[in-house]
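# Observations on the model geometry
So you can see what is in the structure, the chains are spelled out below.
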Amino acid sequence: MTRSKHVSTFIVTLGLAAGLAACAPAGTTGDGGDGEAAECNVGISMPTRSLERWINDGEGLREKLEAKDCDVDLQYAEDRTDQQISQIQNQIAGGAQILVVAAIDGETLGPVLEEAKAQDVQVIAYDRLINGTEAVDYYATFDNYKVGQLQGEYLVDQLGLENGDGPYNLEPFAGSPDDNNAEFFFAGAWDVLLPYVEEGQLVVPSGNSPASNDEWTSIGILGWQSADAQSEMDNRLQSFYTGGERVDVVLSPNDSLALGIQASLDGAGYTPGTDWPLITGQDADVANVRAILADRQSMTVWKDTRELGTQVETMIDALVAGDEVEVNDTETYDNGIKVVPTYILDPVVVTKDEVQPTLVDSGFVTAGDVGL
Ligand code: BGC
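Conventions used here
- Residues numbered from 1 in each chain as written.
- Predicted model: local features only at pLDDT ≥ 70, side-chain atom pairs only at ≥ 80, totals over all residues.
- Heavy atoms only, no water.
- Helix = DSSP H or I, 4+ residues; strand = E, 2+ residues; numbered from the N terminus.
- Buried < 20%, exposed > 50% of the residue type's maximum accessible area, 1.4 Å probe, protein only.
- Polar contact = N/O pair within 3.5 Å; in protein donor to acceptor, adjacent residues only side chain to side chain.
- Phe/Tyr/Trp six-rings, centres within 6.5 Å; stacked < 30°, edge-to-face > 60°.
- Core = buried A, V, L, I, M, F, W, Y, C linked by side-chain atoms within 4.5 Å.
- Contact = heavy atoms within 4.5 Å.

## Notes on the environment of threonine 108
Along the chain, threonine 108 turns up in the loop between strand 4 (98–101) and helix 3 (110–118). Assessed through its relative accessible area of 30%, threonine 108 is described here as partly exposed. C-alpha separation for the pair threonine 108 and isoleucine 85, spaced 23 residues apart in sequence, amounts to 8.7 Å. There is a polar contact of 3.3 Å between the side chain of threonine 108 and the backbone oxygen of aspartate 105.

This is the structure in structure tokens:
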């Protein structure tokens, strides 16, 4: 896996065949490019309501599309792949002409999306890549490798590793093994941190230290569950920190895992402001922003999901008009069958000092939500 270095904007020609069910505002005639006007009908398939970000993603995109009179069906699949597949089947049967899918399991949606393709439905992979199929037209996401890299670089800075400081006790975690993003997050972070593990400046008392990026699934938390991260951290602390050792730093790929890790530290008697370790995160969920303000989490990597929604809306507009779809990366996201043309957005580090100027001032969260 390589870091995306592509900043230029490519335009992918859609080659809309006559008869392609393009999407135009209901009751209007699209000016069409070479596409055909059709009733605008979008199926949005989100993985779960159990994480705040997906609620914001789904509702935000629905509002944007409904504001332009699109017909939108938004479904959440409670992290169950069979449910996601049947929801997508219903959306196809219900006349969806464009599908926006954040896959629960990046490997299993091929057959249902091939059914969609057979009916000329356009498929946009949302945030997570869909693997092993031709039937995905575009992908819109944040730079997933960079998310991990920002987490790793933050830890290097905070610990003074470049100055030779250490050794520090590190416990690394990775995301869900069925989520294509999780591999990128881990690779981004581990490319930065592994050299310090090899030098002995970072020590992993539990032994959960992948020798290479490829071994990341060995420390993955299936389904990104906070409770599972908590029990994994409990196990590590109870089994490997028995002689008075303390954990100094936890690589957590996202906010839901960070919450579970924090609960485990509470249980083990750690105290914020004294011996609490550095903990990374991702998403800027409200509970985690509160944790950052309370010194229970060191940082989060913020992905402004409103921007992602706007990018997907732009893709849909182009499909509706029969225009070309703008992407800025045509190399990074190979799904095993094809390289999926992608629009990549930039993630941003947020620490305590940046909560107000970034998250609050941009309206992503309110001061009241986070207790400011
Ligand atoms: C998303 C993250 C999210 C995680 C768990 C990933 O695919 O990119 O933002 O924290 O899934 O839902």
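That covers the picture; the talk isn't over yet.
## Here's the deal with the packing of aromatic side chains
Enumeration according to the criterion identifies 5 aromatic pairs in this entry. Seen from their ring centres, tyrosine 139 and tyrosine 333 are 4.9 Å apart, and the 90° between their planes marks the pair as edge-to-face. Highlighted residues: tyrosine 139 in strand 6 (residues 138–142) and tyrosine 333 in the loop between strand 12 (325–327) and strand 13 (342–345), separated in sequence by 194 residues. Ring-pair connections join several aromatic residues into one group, and the members of that group are Tyr139, Phe184 and Tyr333.

## A look at the nonpolar core
If you look at the biggest cluster of nonpolar residues, it comprises 44 residues, and the most contacted ones within it are Leu202, Ile261 and Leu265. Those elements giving two or more residues to this core turn out to be helix 4 (144–159), helix 5 (180–199), helix 6 (226–240), strand 9 (249–251), helix 7 (255–267) and strand 10 (278–279). The dominant element in this core, judged by the number of residues it contributes, is helix 5, at 10 residues. Setting aside residues up to four positions removed in sequence, leucine 202 forms contacts with Leu159, Leu161, Tyr168, Leu170, Leu193, Tyr196, Val197 and Val249. Grouped together as the second largest cluster of nonpolar side chains are 31 residues, Ile44, Ala140, Val312 and Val327 included.

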